[in-house]
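Observations on the three-dimensional arrangement
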Amino acid sequence: VQLQASGGGLVQPGGSLRLSCAASGSIFSIYAMGWYRQAPGNQRELVASIRSSGSTNYDDSVKGRFTISKDNAENTFYLQMNSLKPEDTAVYFCKINHITRRGTRSEYWGQGTLVTVSS
């Protein structure tokens, strides 16, 4: 299973970006998807997650500004980021939790995409 993250870039404060993460390979069932971020000198932290049921979870710092969504048919999920702040600057990583037909659970990470919020 491979994940390809895209959509990062440079944006001014107050601007928007949409990150995408496409999963490919031997996919049987993805039961959770998530976006994480890591700023220089900081630990990686969960930004938002979505389960196969559609239930979502957000870090308090992004509630009301970020929206996670998914396209099951395409094994792709997104992070719409609005009202961006300089403190949102980080490398954003996507992750999936996967289960095989035999019930083996694994997690996979994308390569990261840099989001820079600066004027």
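Everything below is about the structure shown above.
Below or above, wherever it landed, is the structure these notes cover. (Residues numbered from 1 in each chain as written. Predicted model: local features only at pLDDT ≥ 70, side-chain atom pairs only at ≥ 80, totals over all residues. Heavy atoms only, no water.)

**Focus on unusual backbone geometry**
Non-glycine residue N75 carries a positive phi angle of around 50°. Of note, N75 is situated in the loop between strand 7 (66–71) and strand 8 (76–81). Classification of N75 as partly exposed rests on a relative accessible area of 24%. One non-glycine residue, S83, adopts positive backbone phi at about 50°. Residue classification places S83 among the partly exposed residues on the basis of a relative accessible area of 40%. (Helix = DSSP H or I, 4+ residues; strand = E, 2+ residues; numbered from the N terminus. Buried < 20%, exposed > 50% of the residue type's maximum accessible area, 1.4 Å probe, protein only.)

**Quick word on the sheet that holds strand 1 (residues 2–6)**
With antiparallel pairing, the 4 strands of this open sheet are ordered in space as 1-3-8-7. Where the open sheet ends on each side, the last strands, each with one partner, are strand 1 and strand 7. Put simply, the sheet's adjacent strands are angled 15° from each other on average, direction ignored. Where strand 1 lies against strand 3 (residues 17–24), 5 bridges are found, and the strand directions are antiparallel. Each bridged residue has a counterpart across the sheet, and for Q2 the counterpart in strand 3 is S24. (Pairing = 2+ DSSP bridges. Axes fitted to C-alpha atoms, helices over the stretch in contact; angles between N-to-C directions.)

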